[in-house]
Amino acid sequence: MNDAHTPGTLTPSREAALARPDFPVARVARRLGLDRAEAELVLRDGARARAAIAVAVQEFLDADDALRAGRTPTAPVAQDPDFPTGVGMGLVGAAVLWEAHDLVPRLALRVATDHYEDGRDELAASYLALVQESVEPGEDPDADALAWAAQSLLVAVLQRSGDPAQAEAIARDLAAHDIPLDLWREDDPSLPDDSLAWHGGAFVGGIPPRRDERSLSYEDVHDYLDSLLADMRREEQAEGGAL
């Protein structure tokens, strides 16, 4: 997923998506808070698009924090009928497509938590895999905490829908690293002082992240983005294309 191109240029997959005649620029612009008149230029500029995604993600997280705290979020993003889970999934797709890698772990963990709480364990496991694949072990304590939180939620997923022995093995690993078993329940996970750095391992069998037993890949997120774009096109058609 690393961009081997000159900074600001499009990766092939992103270029292909934006080149599609049915790419719903207006809907993507609205979700990212972009001015429609300059949306196409912004979306073709990697740096500007990532900056817009960062703002949209922060607004989403603030609104989601309010919702989880029992308050009524007032941000426009909270008025989206797909808020919070669908909006979060869309933003994960955008963050992956535009390579805003640092935004993926926290966002994907929120989405995974929602899916788990909705009983959709396979989707939860897929997004947990994406959290862990997006964190470089030991580089950032905050990112380590997110990876460990994903690992702790994986225990709950495996206990309910996977292999209890695998769940127990991961729980023992968490204990050995002084990681709370319920770390995933924190909206902003942080590690106790005695906890050890994320070791980078451990998305193991039990419940496969996908039915073919592969973890969530860039292509999978791109497939989801395609689905999201199709939904956006249908919404545009239903509204007669009006913005």
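Report follows, based on the coordinates. (Residues numbered from 1 in each chain as written. Predicted model: local features only at pLDDT ≥ 70, side-chain atom pairs only at ≥ 80, totals over all residues. Heavy atoms only, no water.)

A few words on the overall build of the protein chain. A count of helical and extended segments in the protein chain gives ten helices and zero strands. Listed N to C, the secondary structure of the protein chain is α-α-α-α-α-α-α-α-α-α in terms of helices and strands. Split into buried and exposed, the 243 residues of the protein chain put 48% on the buried side. Surface accessibility of the protein chain: about 11700 Å² in total, with carbon and sulfur atoms responsible for 48%. (Helix = DSSP H or I, 4+ residues; strand = E, 2+ residues; numbered from the N terminus. Buried < 20%, exposed > 50% of the residue type's maximum accessible area, 1.4 Å probe, protein only. Areas by Shrake-Rupley, 256 points an atom, 1.4 Å probe, with all protein chains shown as cover.)

The interhelical angle for the contact between helix α8 (residues 141-161) and helix α9 (residues 164-176), taken along N-to-C directions, is 155°, at an axis separation of 8 Å. Here α8 lies roughly antiparallel to α9, going by the angle between them. Crossing of α8 against α9: the hand is left-handed. Facing α8, whose interface residues are W148, Q151, S152, L154, V155, L158 and Q159, α9 presents P164, Q166, A167, I170, A171, D173 and L174. Residues belonging to the contact of α8 with α9 are distributed by class as follows: nine nonpolar, four polar and one charged. (Axes fitted to C-alpha atoms, helices over the stretch in contact; angles between N-to-C directions. Parallel < 35°, antiparallel > 145°, perpendicular 65-115°, else oblique. Left-handed = near helix turned anticlockwise from the far one by under 90°. Contact = heavy atoms within 4.5 Å. Nonpolar A, V, L, I, M, F, W, Y, C, P; charged D, E, K, R; others polar.)

Right, let's talk about unusual backbone geometry for a bit. Excluding glycine, a negative phi dihedral is what most residues carry, and trans is how most peptide bonds are arranged. Here the residue pair F83 and P84 is connected by a cis peptide bond, since its omega of 5° sits within 30 degrees of zero. Tracing the sequence through the fold places P84 in the loop between α4 (46-68) and α5 (85-97). Its identity as a non-glycine residue notwithstanding, E99 has a phi of 60°, on the positive side. Residue position: E99 is located in the loop between α5 and α6 (104-117). In this structure E99 comes out as buried when scored by relative accessible area, which is 12%. Residues other than glycine seldom take positive phi values, yet D178 does so here, at roughly 60°. Relative to the helices and strands, D178 resides in the loop between α9 and α10 (218-238).

As a further point, take α5. Between its terminal C-alpha atoms α5 stretches 18 Å, which fits the 18 Å expected from 13 residues at 1.5 Å a residue. Of all 13 residues making up α5, 13 are buried, and the element is well covered by its neighbours. Looking one or two places after α5, you find E99, whose phi comes out positive at around 60°. (Expected span 1.5 Å × (residues − 1).)

With respect to the helices and strands, I179 occurs in the loop between α9 and α10. Between the C-alpha atoms of I179 and S195, which are 16 residues apart in sequence, the distance is 5.8 Å. Setting aside its immediate chain neighbours within four residues, I179 contacts W148, L174, L191, S195 and L196.

Along the polypeptide, T85 turns up in helix α5. Residue T85 is classed as buried on the basis of its relative accessible area of 16%. Separated by 29 residues in the primary sequence, T85 and D114 place their C-alpha atoms 6.4 Å from one another. Once residues lying within four places of it in the same chain are set aside, the contact partners of T85 are V111, D114, H115 and D118. Separated by 3.1 Å, the side chains of T85 and D114 make a polar contact. (Polar contact = N/O pair within 3.5 Å; in protein donor to acceptor, adjacent residues only side chain to side chain.)

Let us look at helix α7 (residues 121-133). The end-to-end C-alpha distance of α7, which contains 13 residues, comes to 18 Å, matching closely the 18 Å that a straight helix rising 1.5 Å per residue would cover. Among the 13 residues that make up α7, ten are buried, leaving the element largely enclosed by the rest of the structure. Three or more residues of α7 are buried, namely D121, A124, A125, S126, Y127, L128, A129, L130, V131 and Q132.

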